[in-house]
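# Analysis of the macromolecular model
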Amino acid sequence: MLGYALRRIAGIVPVLLILLTVSFFVIRLAPGGPFASARALSARTRAELRARYGLDRPLPVQYAAYLRALAHGDLGRSYSLRDEPVAALIGAGLPVSAELGAAALVLGVLSGIALGIGAVLRRGGLIDRALAPLAAVTLALPSFVTGPLLALVFGLWLRWLPVAGWQPDTPRDLVLPAITLALPLAASIARLTRAGLLETLSASYIRTARARGLGRARVLWHHALRPALVPVVSYLGPAATYLVTGSLVVETVFELPGTGRYLVMGAIDRDYTLVMGMVLVYGTLTLLANLGADLLHAWLDPRVRHEPE
Amino acid sequence: MSSIPASAEAHGASGEATALLALKSLSVRFAGVPVVDAVSLAVHPGECLGVVGESGAGKSLTFLAALGLAPPSARVSGEARFGATELIGRSERTLDALRGRRIGVVFQDPMGALTPHLRIGTQLTEPIRRHTGLSARAARARALELLEQVRLGEPARCLQQYPYELSGGMRQRVLLAIALSCDPQLVILDEPTTALDVTIQAQILALLAHIKRERGIGLVLVTHDFAALAGLADRVAVMRNGRVIETGSAAQVFHAPREPYTRELLAAAREPPGPAAAAAAADASGTGAPVLAVEDLAVHYRRRAPGLRRAAFVALEALNVALAPGESLAVVGESGCGKSTLTRAALRLIGVAHGRIAWLGRDVGTLPERRLRPLRRALQLIFQDPLASLDPHLTVERLVGEPLEVHHRALGAAARAERVAAMLERVGLDPALGARRPHELSGGQCQRVGIARAMMLAPRLLVCDEPLSALDVRAQRQIGALLDALRREQGMSVLLVSHDLNAVRRLCERVLVLYQGRMAELGPSEALLTRPLHPYTRALLEAVPVADPDVQPGRLGAVPLSERGPPAEPGGCVFRSRCPLASVRCAEEHPPWIEARAGHWVACHHWERGADGMLRA
Amino acid sequence: MPGSIRGCAMSRSDPRRRALLAALVLGALVLLALFGPAASPYSYRALDWRHLTAPPGFVAEHWLGTDALGRDLYVRTLSGLRLSLLIGLLATLVSVLIGVAWGAAAGWVGGRLDAGLMRVVDVLYALPYLFIVLILAALFGRGNIAVLLLAIGAVGWLTLARVVRAQTLSLKRQAFMEAARAGGLSGLQMLRRHVLPNLAGTVVVYATLMVPQMIVYESFLSFLGLGVEPPRASLGSLINAGARQMLSAPWLLLVPATVLVVLLLAFNILGDALRDVLDPRQR
C-alpha cells in the first residue's frame, strides 16, 4: 500500500511539469502582453518595465529562469497588482478558498452518504422517493444560479444569513457559499451511494452474509458499505476538480477574498506570473485530490493495489 | 398435486413431527406470477434430501424463501417450520438467531458468495463469535479446525487471504466451513458443485458424503444434476415450473421414476454406454489431406500475477494433432488446461509462440490476416455461451445471413433470405423466429442460431468450444444430436472441446487429453474412455459422477483429496505433483510421447503400470 | 431469474414516457428559441428609455419586463436561449467527434496506441480543465463564439473517450466479435457491422447528457464575463446581470434562471430516460 502511494505521488511531478510548461508558452502566445492595455505608459517606460520583469529575453531563457526560481520556491512578482509577490497573494487568499472548499467537501460527502443510506434503509420511504427528483433539480442548477437564489431567499428576503463579503472569524459568512458549493456534490454522492448500496445488497455475498445470521447492522456496515462506496470514492476525483472550479464561481458570487478571482483577472491582464502561480496551486490541488481519491479506492478494494499502474 | 400425499406416505404420520424443516404449500410470487407453487417438502435429522430440476424450476428460490432470503419483491406464502418455529413472516432478528447457527447455507457461485474485501478469517470467525460468543482467539482456533475438516491445505495461511486469492474449489470449501461453523442441525447446499471442474466436483461430493456420515446432520442438496445426488440423497424431490412433480426415496426415484419428465432428466444424466461415435463418411471432394493439423504448437500468455512481475505463462506446449476429413476429435481436461486456447490458436485467432498450423493441407501459420479471411469459411466456430456469441442488436435473420453477405456478395437479398430460412429449418428453428433478436430466444435456440450461422458456408471443420455446457440438460441432448446429425450429413470434421465425457463418447471418435497445456493421452474414444493409459485420464474418468445410487456410494467412499497441485517445476512430468504413480524419474525427465497401443498415444513413464489391473471394471 | 423480475418491479416509471415528456419540453423550448423573439415588437438590443427596469406585466408589450437599459427581457431571454442551445449543441458535436474517434481508436487498436491515448486523457482528466478553458477564453477568445465553442468542446470529450474506449474494449472481448473474426470479417467490416452499431446507443445517451453540461460551461464563462459580449446575451450573461440587481429587480435573475433550469432538467431527464430505454439490463 505504501509503495503504491509513493509510486502515485512520484507520478504527479511530471504531470505538473508538463502542465506548467504548456501554460507557460500558451499564455505568452496569446495576443497582447502585460502593460499593453495601460495606454498611459510611454513606449520607454513600457520597455523598462518589460526589461525589469525579464520579458525582453528569449522565451527559452525566460522559461529556464522561471523553473530555476520555482525550484527555490519563488513564484515571481505580479505585474498588475502593485508588484506584490505572487506567493504572498496566494498566501493571503488560499486560506479562504481552502476553508470554503473543505467545508463544502465535508458537507457534501457526509450529507450525500447519509441521504443515500437513508434512502436504502427505508425503501419507498420519504427520502427514497424524494431523492431522485431533488437530485435531478439540484444537478440541473449551476452554482451561479443557486448562489444568487440562496442569497436572495436566505440573505435578502429572510435575512437569516449574510449575503456576501468576508470577515475573519465569522463562520456565518461561510454558510451560504459552502452550501452553494456542496449542493451538487451532495446530490451526486447521494445518488451514487444509493445506487451502489442497492447493487451491493443484491450481490450474492450479501445473501451469504445474511444466511450466516450476522444481523442487519453488521451486514450493512461490514459487508455492504465498503464495496458500495467504491463508486463514491471514484467520484471524489472529479468532485475535487468540481470543487476547485466551483469555488471560483462561488467566490465571485459571494465576493469572497479567495484566490479564485486572480485567475480570470490575471489572464485578462496578461499577468503571466500570477496566472502561472494559479495554475501551479490549483493544478497541484486537483492532482493531489485525485490521488487521495485513488488511494482511498485502493484501500476499499484490495485488488486495486496489486495492479501495476 | 400428487406430490403432497406422496411425501406424506413416505414418512407416515410421524413425518411432520420429527421433521427438521417442513415446508407446507410454500409459494413465492413475483408481481402475482407464481415462481414457486405450493411446494411441500420435509427434511429429517440425519437425512439428505435431494431437490433436482432444470434452471427456472424454482428449486433454489424455495429454500431462499423459507429462510427469509428471497428478493424483497417476492411475495411468500405458506408454511415453513424449522422444528417448532415457523419461519415465514418472522422478523429478521428471529431468523438471524437460526441462520448460521442452526441452519447453514452454501450458495451456488463460489466466486461471488464471499465478501471480496474481507479476509477469509474474518468471514469465518464472524458467525462463530456472534452465535457462540467465543473469544477472538477461541474462534480462530475453531476456524482452523473447520478448515482442516473441509480439507483445505495450509489453513493458517488461508485465514489471512482474500477470496480472490483462492480457487473455485477452495472457496467452495470455505463456504462449507462457514456453513458448518456453529454445528448446525441442517445444511442447505444450493448447486454446490456446479461450475467446478469434474475432479474438484468429485472431491466436494466425497467431502459432503464424509460430513454426512460423521455429523449425522440433515442436508438439502439442490442441483440440476441427477448424478450429483446419487449416493448422497436419501430422498429425492423433482421440481418443474415451481412445483414438486415427484418425490420418493432415492432408490425409488432413480430406479422406478413415475413421471415421464423425471425419466427424461435421468436419461439425460445417465447416457447409455452404447457404441462410440464412428467417422462420418468424408465427402468425395476431400483431398485426403488433414482438415486441420498443428505441429509442435506452443502458446504463451503474458500474465500479471498478484505482486509479481509479468511472467510468461505456458498455455500450450509441444502440441501435435491432425484431424482427417470427416473425423471428430474431442479435447478434454480441467479448466485452464489449454483446451480453448488450442481451438483459438488452431484457428489463428490468437498469436502462437511457435509451431506450424495447416488448414486443408495448406500451411497458414505465416499467412497475414488478410489472406486468411477467405480461407476461414472452411473452418467455423461455435461457442460455449450462445447468447454472448450473437451480436445483440442484430436479428436472427441478419446474424445467420451475415456469412453470405461477407463471402457471397453476389447473392441477392431474396436468395439469401431463402437460404437463411432453409438453414433455420434445418437446425430446428421456426423461420418465423428470424425477426427476433438473440435476447428474445432461449439458450438452446441461441445455440441453434450459432450453429446455423456456422453451417451457412458448408464448412469442412466445425470447432465447438463447450457447446453444451451453458444449456439445460434436455437442450444439451438435443443440441448434441443436432451436431452429430449435421456432421454425418455434411461429412465435415468436428473438433469438440468439452468437459462432459459422456457427450465426448457419444460425439467423437478420438479423444485428446490435455493437462497444463501438454498432451497427456490421445486415442480412440472407446479405448481411451474404458482403458485409459494415463493416470490423469483415469482420475478424470473416476471423478465423473454416475447417476446410480448403487454405484456412486463406492466412489464417494474414497478419502477426499486436497486441491489441485501447484504448477510443476520445469523439467519432468507436469502431472507428477498429483500423480499416484510419480517416481524420481518423473521429476527428472519429461515423459516421451509414445504410441503405446495402435493409434493410442500417451505421455507417461508408467503407463504400463497404469494400464494393468489398476482400473476397476 | 429472480433478478430480472426484481429489476422490472424496481423501475420507477416507464422511461419511454419520461423520455417523451422531456423531448416535448425540449421541442417547445427549441421552437420558442427559434420563433419566440419574432413575436415581440422589440429586438434584443432595442433600448426603451421610457421603461427602464420594468417588472413583468407592468408594460403591455414587455411581457416579462425590461432591464436597466429598457431592453425587453422576453426577447433577450429567448435569444439567449437560442445562443445557449446553439453553443451547447455545436460544442457537443465537437466533443462527440473527438471523443468517439479517440476512444474507439484507443479501444480498437489497443496496445501502445491505447496506452498513449489514454495517458493523455488521464492527465487531462486530473486537471482543473475548466480553468484551462478559462485561461484560453480569457487569452484568446473574449466574445469570440468560435473559440468559445472549441474551448468548451475540447473539455467534454474526455469522459466520452473513456466510455467509448471501455465499451469498445468490452465489445472486442465479446464472443460475438470472435465469431465475426472466425467468420472471416475484416477489421473494417467488424468495426462497421458490430462495433459502431453497438456503440451508438451509449454515444446518444452521453451526447444528450453532455448538451446541458456544455450549456452550463458556456453560461459559466459568460457569467464570468468571458463569454458572449454585450449587447448579445446568453442565459449565463443574463443571470450574471440579473444577480447584480436581484434585490431591486429579482425578475431579471429569476426569468433566465428558470429557463436555464428547465432546459437543463429536460436534457438530463431525456438522457437518463434514454439510457433506461436503450439498455434495459442496466436498470
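Just so we're clear, the structure is a prediction, and the values are computed from it rather than from any experiment. Sequence order as written defines the numbering, with residues in each chain counted from 1. Chain A is the first chain written and ligand 1 is the first ligand written, with later ones labelled in order. Given that this is a predicted model, residues contribute local features only at a pLDDT of at least 70 and side-chain atom pairs are listed and counted only at 80 or more, while totals for whole chains, interfaces and linings are drawn from all residues. Side-chain descriptors were evaluated using all non-hydrogen atoms of the structure, hydrogens and water having been removed beforehand.

Further remarks concern the interface of chain A and chain B. Taken together, the contact pairs 21 residues of chain A with 31 residues of chain B. Summed over both partners, the accessible surface that disappears when two parts come together, traced with a 1.4 Å probe, is what is meant by buried area. Of all residues in chain A, A:Arg207, A:Arg210 and A:Arg212 bury the most surface against chain B, accounting for 28% of the area lost on that side. What makes a salt bridge here is a side-chain nitrogen of Lys or Arg within 4 Å of a carboxyl oxygen of Asp or Glu, nothing more. Summed over the shared surface of chain A and chain B, the number is three salt bridges. Among the ionic pairs, B:Glu126 bridges to A:Arg218, the shortest N-O distance being 2.9 Å. For this analysis, a polar contact is any N or O atom pair within 3.5 Å, provided that within protein one partner can donate a hydrogen and the other can accept it, and provided that sequence-adjacent residues contribute only side-chain to side-chain pairs. Joining chain A to chain B, the criterion identifies 18 residue pairs in polar contact (both at pLDDT 80 or more). For the purposes of this entry, the term helix denotes a DSSP run of H or I that reaches at least four residues, the term strand denotes a run of E that reaches at least two, and both are numbered from the N terminus. Listed by contribution, the elements that provide at least two residues to the side of chain A that touches chain B are helix 8 (204-211), helix 9 (216-228) and helix 13 (302-306) of chain A. Looking at the side of chain A that touches chain B residue by residue, the classes come out as six nonpolar, seven polar and eight charged. The criterion used for residue contact is that any of the two residues' heavy atoms lie within 4.5 Å. Note on residue categories: nonpolar means Ala, Val, Leu, Ile, Met, Phe, Trp, Tyr, Cys or Pro, charged means Asp, Glu, Lys or Arg, and polar means any other residue, Gly included.

Let us now look at empty space enclosed by the protein. The rule is simple: put a 1 Å grid over the protein atoms alone, call a set of points where a 1.4 Å probe fits but cannot get out a cavity, call an open set with protein on both sides within 12 Å along at least five of seven lines a pocket, and count a residue as lining if it has an atom within 4 Å of a point. Grid points are joined across faces, edges and corners, and a volume is the space filled by probe spheres set on the points. Here the structure, examined in full by the defined rule, presents nine cavities of 30 Å³ or more. The computed volume of the largest cavity comes to approximately 100 Å³. Taken together, B:Gln380, B:Leu381, B:Glu402, B:Pro403, B:Arg453, B:Ala454, C:Ala179, C:Ala180, C:Ala182, C:Gly183 and C:Leu185 make up the full set of residues lining the largest cavity. If you list the elements that add at least two residues to the lining of the largest cavity, you get strand 16 (379-382), helix 15 (396-407) and helix 17 (443-455) of chain B together with helix 7 (175-182) of chain C. Looking at the lining of the largest cavity, its residues break down into seven nonpolar, two polar and two charged. The volume enclosed by the second largest cavity comes to roughly 80 Å³. In this structure, the second largest cavity is lined by B:Tyr515, B:Arg518, B:Met519, B:Ala520, B:His534, B:Cys573, B:Val574, B:Phe575, B:His590, B:Pro591 and B:Ala603. Top element by residues in the lining of the second largest cavity is strand 20 (residues 518-524) of chain B. It accounts for three residues.

Bringing the interface of chain C and chain A into the picture now. Taken residue by residue, the interface counts 41 residues in chain C and 45 residues in chain A. Of the roughly 3,500 Å² buried at the junction of chain C and chain A (both faces included), carbon and sulfur atoms supply 84%. When the buried area of chain C at its contact with chain A is split by residue, C:Phe131, C:Leu139 and C:Met246 rank highest and sum to 18% of it. Applying the counting criterion to the chain C and chain A interface returns one salt bridge. A salt bridge links A:Arg191 to C:Asp272; its shortest N-O distance comes to 3.7 Å. For the pair chain C and chain A, the number of links is zero residue pairs in polar contact (both at pLDDT 80 or more). The set of elements that each furnish at least two residues to the side of chain C that touches chain A consists of helix 1 (2-10), helix 4 (111-125), helix 5 (129-140), helix 8 (187-223), helix 9 (235-244) and helix 10 (251-278) of chain C.

Moving on, we come to the domain arrangement of chain B. All names here are of chain B. The split into domains, and so the bounds of each, comes from an automatic or database assignment of domains. With domains assigned, chain B is organised as domain 1 (1-102 + 186-270) and domain 2 (115-181). With centres defined by C-alpha atoms, the gap from domain 1 to domain 2 works out at 26 Å. Across the domain 1/domain 2 interface, buried area totals approximately 1,300 Å², and carbon plus sulfur atoms make up 61% of it. Considering only the side of domain 1, the residues that lose the most area to domain 2 are Arg101, Leu207 and Arg215, jointly responsible for 36% of the buried surface there. Taken together, the links from domain 1 to domain 2 amount to zero salt bridges.

Residues and elements named next belong to chain B. Should DSSP find at least two bridges between two strands, the strands are regarded as paired. Strand order in the open sheet formed by six strands is 6-7-8-3-9-10, and the pairing between neighbours is mixed. The sheet is open, and its two borders are formed by strand 6 (103-106) and strand 10 (243-249), each paired with just one other strand. Neighbouring strand axes in the sheet, compared pairwise and without regard to direction, differ in orientation by 15° on average. Both strand 6 and strand 7 (residues 186-190) contribute to a ladder of four bridges, which runs parallel. In this description, a line fitted to the C-alpha atoms serves as the axis of each element, helices being fitted only across the stretch in contact, and the angle between N-to-C directions of two axes falls anywhere from 0 to 180 degrees.

A few words on the confidence of the model for chain B. Residue and element names in this part refer to chain B. You can read pLDDT as the predictor saying how much it trusts each residue, on a scale of 0 to 100. For chain B, the mean per-residue pLDDT works out to 84, and 88% of the residues sit at or above 70. Every residue in residues 1-16 is under pLDDT 50, and counting partners more than four places away or in other chains gives 14 contacts. In this model, residues 613-617 is a region of pLDDT below 50 whose contacts with residues beyond four sequence positions or in other chains number seven contacts. Our summary of model confidence lists the complex with pTM equal to 0.75 and ipTM equal to 0.73.

Moving on, we get to the side chain of B:Lys212. All names here are of chain B. Following the sequence through the fold, Lys212 ends up in helix 9 (residues 198-215). Buried, partly exposed and exposed residues are distinguished by accessible area as a fraction of the type maximum, computed with a 1.4 Å probe on protein chains only: under 20%, between the cut-offs, and over 50%, respectively. Residue class for Lys212 comes out buried when judged on its relative accessible area of 18%. Not counting the four nearest positions on each side in its chain, Lys212 is found in contact with Gly46, Cys48, Ile217, Leu219, Leu232 and Asp234.

Between its first and last C-alpha, helix 1 (residues 2-29) of chain A extends 42 Å over 28 residues, near the 40 Å set by a 1.5 Å rise per residue. All of the buried residues in helix 1 of chain A are A:Tyr4, A:Ala5, A:Ile12, A:Val15, A:Leu16, A:Leu19, A:Leu20, A:Ser23, A:Phe24, A:Ile27 and A:Arg28. Multiplying one less than the number of residues by 1.5 Å gives the expected span of a helix.

Another aspect to go through is the packing of aromatic side chains. Under the pairing criterion, centres of Phe, Tyr and Trp rings, with the six-membered ring standing for Trp, must be within 6.5 Å; the plane angle then separates stacked pairs below 30 degrees from edge-to-face pairs above 60, leaving the rest tilted. Inspection of every chain in the model, using the stated rule, returns eleven aromatic pairs over all chains. Centre to centre, the rings of B:Tyr162 and B:Tyr164 are 6.2 Å apart; their planes meet at 15°, and the pair counts as stacked. The class of B:Tyr164 is partly exposed, set by a relative accessible area of 24%. Chaining the aromatic ring pairs together yields one cluster made of A:Phe24, A:Phe25, A:Tyr63 and A:Tyr66. Placement of a charge over a ring requires the Lys NZ or Arg CZ to be within 6 Å of the ring centre, with the centre-to-atom vector within 35 degrees of the ring normal. The residue whose ring lies beneath A:Arg28 is A:Phe24, and the NZ or CZ to ring-centre distance is 3.7 Å. Above the face of the B:Phe107 ring, A:Arg207 is positioned so that its terminal group lies 4.1 Å from the ring centre.

All names here are of chain B. Along strand 3 (residues 48-52), five of the five residues are buried, which leaves the element largely enclosed by surrounding structure. Taking every second residue as pointing to the same face, both faces of strand 3 are buried, with Cys48, Gly50 and Val52 on one and Leu49 and Val51 on the other. The pairing of strand 3 with strand 8 (residues 218-223) spans five bridges and is classified as parallel. Bridge assignment links Val51 to a residue of strand 8, and that residue is Val222.

Linking two cysteines covalently through their sulfur atoms gives a disulfide. Residues and elements named next belong to chain B. Here, a disulfide means two cysteine sulfur atoms that sit within 2.5 Å of each other. The full count for this structure, using the stated rule, is zero disulfides over all chains. Cys446 forms no disulfide, and the closest cysteine sulfur to it belongs to Cys464, at a distance of 16 Å. Of the residues examined, Cys446 reaches a relative accessible area of 1% and is grouped as buried. The cysteine Cys464 is free of any disulfide, with Cys508 supplying the nearest cysteine sulfur at 8.3 Å. What makes Cys464 buried here is its relative accessible area of 1%.

Moving on, we get to the sheet that holds strand 1 (residues 21-30) of chain B. Residue and element names in this part refer to chain B. Ordered in space as 2-1-4-5, the four strands form an open sheet in which the pairing is antiparallel. Lying at the two open borders of the sheet, with one neighbouring strand each, are strand 2 (33-43) and strand 5 (85-86). Pairing geometry for strand 1 and strand 2, over seven bridges, is antiparallel. Along strand 2, the bridge assignment pairs Arg29 with Pro34. In the packing of helix 3 (residues 59-66) onto the sheet, contacts are made with strand 1, strand 2 and strand 4 (74-82), and the angle to strand 1 comes to roughly 110°.

Judged by nonpolar contacts, the single largest core of 153 residues is most densely connected at C:Leu81, C:Leu134 and C:Leu263. With residues up to four places along the chain from it excluded, the contact list for C:Leu134 reads A:Leu248, A:Leu263, A:Val264, C:Leu221, C:Leu224 and C:Leu226. B:Ala330, B:Leu390, B:Leu394 and B:Met423 belong to the second-largest nonpolar core, a separate cluster that totals 59 residues. We call a set of buried Ala, Val, Leu, Ile, Met, Phe, Trp, Tyr and Cys residues a nonpolar core when their side-chain atoms join them within 4.5 Å.

So, on to a nonpolar patch on the surface. Grouping into patches uses exposed residues only, defined as over 30% relative accessible area, and leaves out salt-bridged ones; the cut-off is 9 Å for like charges and 5 Å for nonpolar side chains (Val, Leu, Ile, Met, Phe, Trp, Tyr). Calculation of accessible area relied on Shrake-Rupley with a 1.4 Å probe; when residues are assessed, cover is drawn exclusively from the protein chains displayed. The grouping of A:Val153, A:Trp157, A:Leu158, A:Trp160, C:Leu247 and C:Leu254 at the surface amounts to a nonpolar patch, some 590 Å² of accessible area in total. A:Leu158 sits in the partly exposed class, given a relative accessible area of 40%.

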